Amino acid sequence: MRPVVKLAPGKYPCGDDSLTIKTDYHPNYRDAKPHLIFNLGCMCSYCEKAFDDERELAVEHIQAKRYKDENGNYPYAALETKWENFLLSCATCNGRDNKGDKNVVYGECHLPHLNNTFLSFQYKAGGVVNVNPNLTGKSLANAEALRKLVGLNKGPMDSKSKDRRWFVRTEKWDLAMRYLYKYESKKVDIETIIDLVKGHGCWSIWFTIFKEHPEVRKELIEQFPGTAKECFDSANNYEPIPRNPKNTIDPV
Ligand SMILES: [Zn+2]
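Quick caveat, the model's predicted, so the values are computed rather than measured.

About the cut-offs
- Residues numbered from 1 in each chain as written.
- Predicted model: local features only at pLDDT ≥ 70, side-chain atom pairs only at ≥ 80, totals over all residues.
- Heavy atoms only, no water.
- Phe/Tyr/Trp six-rings, centres within 6.5 Å; stacked < 30°, edge-to-face > 60°.
- Helix = DSSP H or I, 4+ residues; strand = E, 2+ residues; numbered from the N terminus.
- Buried < 20%, exposed > 50% of the residue type's maximum accessible area, 1.4 Å probe, protein only.
- Lys NZ or Arg CZ within 6 Å of the ring centre and 35° of its normal.
- 1 Å grid on protein atoms, 1.4 Å probe; cavity = no way out; pocket = protein on both sides within 12 Å on 5 of 7 lines; lining within 4 Å.
- Points joined across faces, edges and corners; volume = space filled by probe spheres on them.
- Nonpolar A, V, L, I, M, F, W, Y, C, P; charged D, E, K, R; others polar.
- Donors = N, O, S within 2.8 Å, 3.2 Å for Na, K, Ca; no water.
- Tetrahedral: all angles 85-135°; square planar, octahedral: opposite > 155°, others 65-115°.
- Salt bridge = Lys/Arg side-chain N within 4 Å of Asp/Glu carboxyl O.
- Arc of directions from axis to C-beta.
- Contact = heavy atoms within 4.5 Å.
- Pairing = 2+ DSSP bridges.

Engineer: I'm lost on the packing of aromatic side chains in this one. Help?
Structural biologist: The geometry of an aromatic ring pair is captured by two quantities: the separation of the ring centres and the angle between the planes. Scanning all chains against the criterion turns up twelve aromatic pairs. Each ring, one from Tyr25 and one from Trp83, has its centre 6.2 Å from the other, and the planes form 35 degrees; the classification is tilted. Taken together, the residues Tyr25 in the segment before helix 1 (33-40) and Trp83 in the loop between strand 1 (57-61) and strand 2 (86-90) connect sequence positions 58 residues apart. Considering the side-chain rings of Phe118 and Phe232, the 5.9 Å spacing of their centres and the 55 degrees angle between planes classify their relative orientation as tilted. Of this pair, Phe118 sits in helix 2 (residues 117-120) while Phe232 sits in strand 5 (residues 232-233), placing them 114 residues apart in sequence. Each member of the pair, Phe118 as well as Phe232, is classed as buried. One aromatic cluster in this structure is built from Phe118, Trp203, Phe207 and Phe232. Over the aromatic face of Tyr179 sits the side chain of Lys182, whose NZ or CZ is 5.3 Å from the ring centroid. Directly above the ring of Phe224 sits Lys198, whose terminal nitrogen or CZ lies 6.0 Å from the centroid.

See below:
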C-alpha cells in the first residue's frame, strides 16, 4: 500500500485560494474531496484503484464517524469534518464488508499516512497480498490489522461478488509483468510505464515488479502526488525503509 504524506492545513496546493486546505470542513466534509485529490491523486488510499471520475471516490473517515462503542457512544463523531481524519477511499474498501464503521485505534493498526505501508505487505501474482513475513512483534500485528481492516486478505473464495479487488490485482500484476518484459526489451519507454500506472492504478504492484529498475521506482515516487519519499532509500534501489525508526515498538 502506497505510503502517503498529507499536506498540512493552510497550504495552498495550487496557488488557488479556494483550494486552501482547512483544519475543519464544517458543515460538509465532502468539500475536502478536491483538496484530498490534489494531495493524494485520484486513487483509493487503500486498494490503489485509480479513477478518472472523482465521483467514484469518497472522503474516507479514518476513524469512522458512525463507529458506536459498547456504551452506545460515537467517540469519533467530532472528527467527521476534520482534515486530520481524512483519506480517500473507493466504495469497496470503505464498504460494510470491509472497513465500514470498524474501530480504528492509532498505534494498533498501520495506516498509509503514518506508516510505511509498502513495508507492511508483499504483493504477489494471483492478486495475493501477504503481510510482510520479515516483520515481527507489533509491526507484524499492526500490518495484519490493516490487511484485515480493509479486507486486503480477501481472495476469490471469500470476496463477495461485487468485491473484485483481488481480480483487479491479478489483472494488473499480469499487465505489469508484460510491460516489464517490454521495458527490458526496450519496446516501451519509462513514460509509457508511468502512464499505465496512472491509468490502471495498483501502484504497489508496479513498484514491486519494477524492483530492479530504480529509475522507474524513482518516477513512481515522484510522479504520484502525496507519495511519502522518506519511506524509500534512494541509495538502495528505492527499497522501503521504516518510517518511524525511533519507535522501538513499531518502527514501520
Ligand atoms: Zn479501495
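Next comes the rest of the account.
Engineer: Mind showing me how you'd approach empty space enclosed by the protein here?
Structural biologist: Rolled over the atoms, a probe with the dimensions of a water molecule shows which regions are left empty. A full pass over the atoms with the stated rule returns two cavities of 30 Å³ or more. The volume enclosed by the largest cavity comes to roughly 50 Å³. Surrounding the largest cavity, Cys47, Lys49, Arg165, Val168, Arg169 and Cys202 form its lining. For the lining of the largest cavity, the residue count by class is three nonpolar, no polar and three charged.

Engineer: Hey, could you run me through the coordination of the zinc ion in this one?
Structural biologist: Geometry sets the ideal angles at a metal, namely 109.5 degrees for four tetrahedral donors and 90 or 180 degrees for six octahedral donors. The protein atoms donating to the zinc ion are Cys44 (SG), Cys47 (SG), Cys90 (SG) and Cys93 (SG), with metal-donor distances spanning 2.3 to 2.4 Å. The site at the zinc ion holds four donor atoms, and with the angles between them running 107 to 115 degrees, its shape is tetrahedral. Within one chain, the residues serving as donors to the zinc ion are arranged as C-x2-C-x42-C-x2-C. Of this pair, Cys47 sits in the loop between helix 1 and strand 1 while Cys90 is found in strand 2, placing the two residues 43 residues apart along the sequence.

Engineer: In this structure, what is going on with the pattern of salt bridges? I would like to understand it.
Structural biologist: Any two side chains of opposite charge can pair, given that their charged atoms come close. Within the structure shown, the criterion is met by 13 salt bridges. For Asp24, the salt bridge is made with Lys82, and the minimal N-O distance between the two is 2.9 Å. Remark: Lys82 occurs in the loop between strand 1 and strand 2 and Asp24 occurs in the segment before helix 1; sequence separation between them is 58 residues. The salt bridge partner of Lys160 is Asp97, with a shortest N-O separation of 3.4 Å. Here the residue Lys160 occupies a position in the loop between helix 3 (137-150) and helix 4 (165-184), and Asp97 occupies one in the loop between strand 2 and helix 2, the gap between them amounting to 63 residues. Taken together, the shared-partner salt bridges connect Glu144, Arg147 and Lys148 into one network.

Engineer: Can you help me understand helix 5 (residues 190-200) in this one?
Structural biologist: Residue pairs spaced three or four apart in an α-helix point in one direction, given the helix's 3.6 residues per turn. Looking at helix 5, one finds that the buried residues are Ile193, Ile194, Leu196 and Val197. One side of helix 5 carries all its buried residues, which in axial view fall inside an arc of 155 degrees. For helix 5, the elements touching its buried residues are helix 4, helix 6 (203-209) and helix 7 (214-222). Directly beyond the C-terminal end of helix 5, a positive phi value near 70 degrees is found at Gly201.

Engineer: I'm lost on helix 1 in this one. Help?
Structural biologist: Counting buried positions along helix 1 yields six of eight residues, so the element is predominantly enclosed. For helix 1, the set of buried residues is Lys33, His35, Leu36, Ile37, Asn39 and Leu40. Trailing helix 1 by a residue or two, Gly41 shows a phi angle of about 85 degrees, which is positive.

Engineer: When you look at the environment of Ala77 in this model, what are you seeing that I'm missing?
Structural biologist: In this structure, Ala77 sits in the loop between strand 1 and strand 2. On a C-alpha basis, the gap between Ala77 and Glu144 in space is 26 Å, while along the polypeptide they are 67 residues apart.

Engineer: Can you help me understand the pairing of strand 1 in this one?
Structural biologist: In the case of a regular strand, side chains alternate between the two sheet surfaces. Taking burial as the measure, the five residues of strand 1 include four buried ones, the bulk of the element. As paired elements, strand 1 and strand 2 share five bridges and run antiparallel to each other. Bridge pairing in strand 2 links Leu57 to Cys90.

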